Amino acid sequence: MLTSHQIDQFQQQGFLVLPAFTSSEYCQQVLDFAQQQLDVVALPIEYEADTRYPGAPLSRDAEGGQTARRLLQAYARSTLLADWATQANLAQVLTQLLGSGVKMSQVHHNCIMTKQARFSSLTGWHRDSRYWHFQKPELISAWLALRDEKIENGCLLVLPGSHRWQIEPAQLDSAQFLRADVTANQALLKQAISVPLQQGDVLLFSSNLFHAAGCNQTSQTKFSMVFTYRAQDNLPIPNSRSASLPEIAL
């Protein structure tokens with residue numbers, strides 16, 4: 001159960017870390033599974049080259065072009081992953097924040113994210129809700145650190161409280177990233193903080209929170225598992241990508 005202080009922190013800051021939420025033994029099981037899936041190229045996989053982000057290979061045919069970024073459709077890959085995403089402990093926490101009847105999206109996140117030692121890209125400041133189609137941009141993602149996450153290997157950076165900001169279109173580029181060259185954004189970007197995590201920690205964050213991540217500058221791949229949830233009354237827009245796969249009730 002979340003305390004009233006934790007609930008208030010999430011509502012005010014747009015994110016919350018739950019330390020030691022998951023055992024190191026479970027994390028290792030998922031790491032072994034993820035590596036096996038990468039070794040056999042178990043599709044669907046998103047590659048770094050697909051993102052066109054800074055630092056990514058120019059194409060899948062270029063050097064490093066087969067560097068995986070995300071093992072997609074994690075829920076359907078194994079009960080090892082599906083059971084974590086729908087576990088009672090997580091459902092209880094999400095119910096406190098979203099109300100009863102929480103649903104998990106199979107379209108958004110639902111993946112194991114990798115940030116590999118070479119050819120990992122830099123992710124600019126964005127809100128996940130930029131391309132999501134729900135009645136309200138108020139979903140919550142649960143990010144499990146499968147290994148320690150720090151600045152050196154590309155941990156998440158956040159702008160606390162930014163889920164409440166009103167941002168004008170001119171502050172964003174064509175891909176809906178915050179523009180560093182816009183004067184109004186420069187004071188906002190100075191508020192950035194890193195969110196280092198220990199193996200087994202869970203980061204909950206709002207789909208409307210601005211976040212970013214750097215490249216992995218270490219020799220070890222960073223792995224994270226991420227699922228996204230909505231309130232019962234926050235329906236996906238009909239005929240949108242967000243409504244393209246069945247949702248999972250917790």
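For the structure, see preceding data.
As the structure is a prediction and not an experimental result, all values here were calculated from the model.

Reading guide: rules and limits
- Residues numbered from 1 in each chain as written.
- Predicted model: local features only at pLDDT ≥ 70, side-chain atom pairs only at ≥ 80, totals over all residues.
- Heavy atoms only, no water.
- Pairing = 2+ DSSP bridges.
- Helix = DSSP H or I, 4+ residues; strand = E, 2+ residues; numbered from the N terminus.
- Buried < 20%, exposed > 50% of the residue type's maximum accessible area, 1.4 Å probe, protein only.
- Core = buried A, V, L, I, M, F, W, Y, C linked by side-chain atoms within 4.5 Å.
- Contact = heavy atoms within 4.5 Å.
- Salt bridge = Lys/Arg side-chain N within 4 Å of Asp/Glu carboxyl O.

Caption draft 1: Representation of the sheet that holds strand 11 (residues 211-213) within the structure. Taken in spatial order, the four strands make up an open sheet running 6-11-8-9, and their pairing is antiparallel. Here the strands that pair on one side only, and so sit at the sheet edges, are strand 6 (123-126) and strand 9 (193-194). Where strand 8 (residues 156-158) lies against strand 11, three bridges are found, and the strand directions are antiparallel. Bridging across to strand 11, Leu156 finds its partner in Ala213.

Caption draft 2: Representation of the pairing of strand 5 (residues 111-115) within the structure. For strand 5, the buried fraction is high: five of the five residues fall into the buried class. Looking at chain direction, strand 3 (residues 68-71) and strand 5 are connected through two bridges and run antiparallel. Each bridged residue has a counterpart across the sheet, and for Arg70 the counterpart in strand 5 is Met113. The pairing of strand 5 with strand 12 (residues 222-230) spans five bridges and is antiparallel.

Caption draft 3: Looking closely at the nonpolar core. With 40 residues, the main nonpolar core has Trp84, Ile112, Leu146, Leu204, Met225 and Tyr229 as its most contacted residues. Among residues more than four places away in sequence, those in contact with Leu204 are Phe10, Gly14, Phe15, Leu16, Leu18, Val93, Leu97, Ile140, Ser141 and Ala142. Counting 14 residues, the second-largest nonpolar core is a separate cluster that includes Ala145, Phe205, Leu209 and Val226.

Caption draft 4: Focus on the pattern of salt bridges. Tallied over the full model, the rule gives nine salt bridges. Of the charged contacts, one joins Asp233 and Lys136 as a salt bridge, the two residues approaching to 3.9 Å between their closest N and O atoms. Residue Asp233 is found in the loop between strand 12 and strand 13 (248-249), and its partner Lys136 is found in the loop between strand 6 and strand 7 (140-145); the two are separated by 97 residues along the sequence. The exposure class assigned to Lys136 is partly exposed, which follows from its relative accessible area of 32%.

Honestly, it's all geometry; don't read function into it.
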